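# Structure assessment
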Amino acid sequence: MSAFPQNYWYVAAWSNEVGRQLLSRTICGEPVVFYRTNDGRPVALADRCVHRRYPLSLGKLDGDQIECGYHGFVFDCSGACTFVPGQDRVPRTARVPRYQLVERDKWIWIWIGDQSKADPALVPDAHWLDDPEWASVEDLAYSPFRYGLLVDNLMDLSHETYLHAGLIGTPEIARTPFTTEVDHEGKRVSFSRHMAAVECPPFYERTTGFTTPIDRWQDVEFQPPAFWVNNVRVAPHGVVPTPDGDKGAAHVKIIHGLTPETENSTWDFWAVTRDFALDDESVSHTLLTLNQEVVQQDLDALTVLEKVVASEPPGTQELSVAIDAGGLAAREMLRKLL
Ligand code: FES
Ligand SMILES: [Fe+2]
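Residues numbered from 1 in each chain as written. Chains lettered and ligands numbered in written order. Predicted model: local features only at pLDDT ≥ 70, side-chain atom pairs only at ≥ 80, totals over all residues. Heavy atoms only, no water.

All right, on to the nonpolar core then. Core analysis: the largest hydrophobic core is formed by 54 residues, its most contacted members being Ile27, Phe34, Trp107, Trp109 and Ile110. The set of elements that each furnish at least two residues to this core consists of strand 1 (9-14), strand 2 (23-27), strand 3 (30-36), strand 4 (42-46), strand 9 (98-104), strand 10 (107-111), strand 15 (227-236) and strand 17 (265-274). Looking at which element gives the most residues to this core, the answer is strand 1, with six residues. Mapping this core onto the domain boundaries places at least three of its residues in each of domain 1 (9-122) and domain 2 (128-337). The contacts of tryptophan 107, once residues within four sequence positions are left out, are Val11, Ala13, Trp14, Ser15, Val102, Ala126, Leu129, Phe227, Ile255, His256, Gly257 and Phe269. (Core = buried A, V, L, I, M, F, W, Y, C linked by side-chain atoms within 4.5 Å. Buried < 20%, exposed > 50% of the residue type's maximum accessible area, 1.4 Å probe, protein only. Helix = DSSP H or I, 4+ residues; strand = E, 2+ residues; numbered from the N terminus. Domains from an automatic or database assignment. Contact = heavy atoms within 4.5 Å.)

With that settled, consider the coordination of the iron ion (ligand 2). Protein ligation of the iron ion (ligand 2) involves His159 (NE2), His164 (NE2), Asp298 (OD) and Asp298 (OD), the donor distances falling in the range 2.1 to 2.4 Å. Considering all four donor atoms around the iron ion (ligand 2), the spread of angles at the metal, 57 to 142°, places the coordination shape in the irregular class. Spacing between the donor residues of the iron ion (ligand 2) along their common chain follows H-x4-H-x133-D. Of this pair, histidine 164 sits in the loop between helix 2 (160-163) and helix 3 (171-175) while aspartate 298 is found in helix 5 (residues 281-311), placing the two residues 134 residues apart along the sequence. Judged by relative accessible area, aspartate 298 falls into the buried class, the value being 12%. (Donors = N, O, S within 2.8 Å, 3.2 Å for Na, K, Ca; no water. Tetrahedral: all angles 85-135°; square planar, octahedral: opposite > 155°, others 65-115°.)

What the domain assignment lists for the chain is domain 1 (9-122) and domain 2 (128-337). Measuring from the centre of the C-alpha atoms in domain 1 to the corresponding centre in domain 2 gives 33 Å. Taken together, the contact pairs 16 residues of domain 1 with 21 residues of domain 2. Ranking the residues of domain 1 by area buried against domain 2 places Trp14, Lys106 and Trp107 at the top, with a combined share of 39%. Joining domain 1 to domain 2, the criterion identifies one salt bridge. The salt bridge partner of lysine 106 is glutamate 138, with a shortest N-O separation of 2.9 Å. Here domain 1 is connected to domain 2 by seven residue pairs in polar contact (both at pLDDT 80 or more). Listing elements by their share of the side of domain 1 that touches domain 2, those giving two or more residues are strand 1, strand 2 and strand 10. Here the element with the most residues in the side of domain 1 that touches domain 2 is strand 1; it accounts for six residues. (Buried area = accessible area lost by both parts, 1.4 Å probe. Salt bridge = Lys/Arg side-chain N within 4 Å of Asp/Glu carboxyl O. Polar contact = N/O pair within 3.5 Å; in protein donor to acceptor, adjacent residues only side chain to side chain.)

Put into structure tokens, the structure is as follows:
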């Protein structure tokens, strides 16, 4: 059995990573080669030649076909072999698996499981990444630790107080109670933490211009296995949403596409989108660099934790407390997906 839920969409790449160069990337343990056809469509094939398993990504792109770099078999973008050197006949079984893709919101999503079940309607909504009402900064963090550690991390933001102090964390986060909810279809885990009259961390002070005290909301929604968004609202203390909108507040969506690479490594496609100062390059730059710092702090901590977990005997106990409600609900949902 695979270690990961199979019949789900996972983010495979940022749109601008896939072009006329062959890109090799392992997704849920499967080596995949990505490229774009001459007319711009993204393609994903198993990165393993049917002949002697040489990675196709080490071959070359010829029009819309890949020529294997070892003995020259050629494959078209459906994965079918179209040419075998030294003979006229191409064996009927000569084909590599092709994966369904959906390109949307600057992301290329891949369906890694049963290809007949790939339904584009199931791609999570990440429109903020590519919406004129929002500005977005984004990056990819290659994460040398297991997927589950990243889920635990994102589902318990109380760690911001300690791990991200002085950047995005403030004392109030860990001490403010939150509510956790699992939707009735078992497809989403949400948690909310609304803080009133609290400290404004540099992350928001330097980008919104708001100063302490602020009201700060974190409304997180995780759609297992692959999509996480923190709907942030920050506003000067006392500004309340009105029926005609939420003027005076700033809204930020912190977004993560979580994709297992192997059992011990993960792709973290992240973005910070905002609905204010849309054209202000300096705000974009500040959000990008501050969030890169935040992500690096998580990366450093989870890289350490991966070593700890990997060296433990099976069944080593951990202790869960109130702050773990979101993380435990997510773990339970992921168990069901498997
Ligand atoms: S391994 Fe690809 S052609 Fe031989
Ligand atoms: Fe973090």
